[in-house]
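Letter by letter, the chains look like this.
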Amino acid sequence: MMKNTEVLALLEKYRERKCSEQELAFLNRWYEDRDVNGIATLSETEFKEDLLYIAAGLPLHIPVIHEVPLVNKRKLWPQFRTVAAAAILLIGVFLYLYSPFFGKQDRSAQLIALNVPADQQRQLTLADGSTIWINAGSKVEYPKQFDGKTREIYLSGEAYFDIKHDPSKPFIIHTGKVRTTVLGTAFNIKEDPNSHRVTVTVTQGKVSVANGREVLGIVTPNQQISFNTTNNKYTLANVDAQKAIEWQKKDLYFNDISFADAAIKLGQRFNVKISFENEKIGACRFTGTALNGENLDQILKVICSFNNASYQTQADGRILIKGEGCEN
């Protein structure tokens with residue numbers, strides 16, 4: 001039988017996602033039989049550490065502590081009281097962290113929801129001093145105060161984060177099934193439901209990106225991880241992080257850019273789909289600046305005049321760019 005210190009070492013490895021399949025199998029067996037594997041003899045300090053590891057995400061199927069058989073209660077009463085107390089604590093941890101009913105109820109009751117209109121952006125300062133710039137058409141759910149051992153929020157859409165450093169309280173952003181964990185850094189998260197992708201780009205510090213409990217990678221400055229939520233595949237690449245956060249700057253800069261690439265920027269800023277009558281129009285290149293506060297019509301009029309083009313708003317809200325276009 002393994003010593004408590006060895007078990008706790010394995011739990012630490014699990015928390016860091018470093019366990020082998022054999023070690024994971026052992027941990028599952030240990031939890032299933034932990035009343036006879038020595039949890040009752042753990043010191044108070046060790047047991048509290050144990051609970052912290054459980055809270056960090058051990059598998060959901062692990063059962064709670066088994067009840068000691070009635071025939072042994074008198075003989076093992078001191079240990080039984082410890083096991084019973086452990087069972088109560090563990091049940092509380094599991095209900096709080098893993099029960100869908102309790103989780104949903106707690107989230108809806110305690111989180112504030114901020115929905116950003118399709119034609120606007122918002123800046124939000126959280127209770128810990130962290131700042132979030134939220135892109136058009138996005139939603140952030142956050143608590144009024146961070147009272148627990150972690151700082152957790154929920155994002156749908158796109159936002160840029162500048163997180164206050166606090167190594168004792170990791171900051172976690174839930175974007176669908178993607179979980180981004182940081183201690184203090186600046187990064188961008190973009191959820192694109194059309195391409196079924198969640199993209200995390202780091203400008204400062206580093207973040208850990210996970211699909212549920214599976215760590216996908218550690219992202220450092222000028223790196224980007226892109227995760228496909230349909231097939232669970234991902235890529236990690238070096239990028240110019242500043243380009244990923246251009247949307248949150250006050251002005252839009254078009255530096256020798258194609259009309260097609262400019263349309264993508266405008267579509268993201270104003271949450272609208274822009275298409276071209278032919279590929280030659282999208283190939284036209286230009287340089288210019290769209291000032292903050294200018295609406296989409298003002299910007300399109302100027303860009304179209306640069307490229308001998310015109311635009312038309314369709315009945316469904318989409319915008320069609322027309323014209324002869326340019327040669328590649």
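I will try to describe carefully the structure that is included in this document. The shown structure was predicted, so the numbers you read here are calculated from the model rather than taken from an experiment.

**Details of the pairing of strand β2 (residues 122-125)**
Pairing analysis gives four bridges linking β2 to strand β3 (residues 131-134), with the strands arranged antiparallel. Residue pairing in the sheet places glutamine 123 in a bridge with tryptophan 133 of β3. Taking the residues between adjacent antiparallel strands as the criterion, β2 and β3 are bridged by five residues, where glycine 129 takes a positive phi near 95°.

**Regarding the environment of valine 215**
Its location among the elements puts valine 215 in strand β12 (residues 214-219). Linking valine 215 and valine 178, residues 37 residues apart in sequence, is a C-alpha distance of 9.7 Å.

**Re the sheet that holds β12**
Strands sit in the order β1-β4-β5-β7-β8-β11-β12 across an open sheet of seven strands; the sheet is mixed. Two strands in the sheet have a free side with no partner beyond their single neighbour: β1 (111-115) and β12. Adjacent strand axes in the sheet meet at a mean angle of 20°, parallel and antiparallel pairs treated alike. Bridging between strand β8 (residues 178-182) and strand β11 (residues 207-211) involves four bridges; their strand directions are antiparallel. Counterpart to valine 178 in the pairing with β11 is asparagine 211.

**Some thoughts on the packing of helix α7 (residues 259-270) against helix α9 (residues 296-306)**
Across the interface, α7 lies against α9 with an axial gap of 12 Å and an inter-helix angle of 175°. Taken together, the axis directions place α7 and α9 in an arrangement best described as roughly antiparallel. From α7, Phe259, Leu266 and Phe270 reach across to α9, where they touch Leu296, Ile299, Leu300, Ile303 and Cys304. For the contact of α7 with α9, the residue count by class is eight nonpolar, no polar and no charged.

Thresholds applied
Residues numbered from 1 in each chain as written. Predicted model: local features only at pLDDT ≥ 70, side-chain atom pairs only at ≥ 80, totals over all residues. Heavy atoms only, no water. Pairing = 2+ DSSP bridges. Helix = DSSP H or I, 4+ residues; strand = E, 2+ residues; numbered from the N terminus. Axes fitted to C-alpha atoms, helices over the stretch in contact; angles between N-to-C directions. Parallel < 35°, antiparallel > 145°, perpendicular 65-115°, else oblique. Contact = heavy atoms within 4.5 Å. Nonpolar A, V, L, I, M, F, W, Y, C, P; charged D, E, K, R; others polar.

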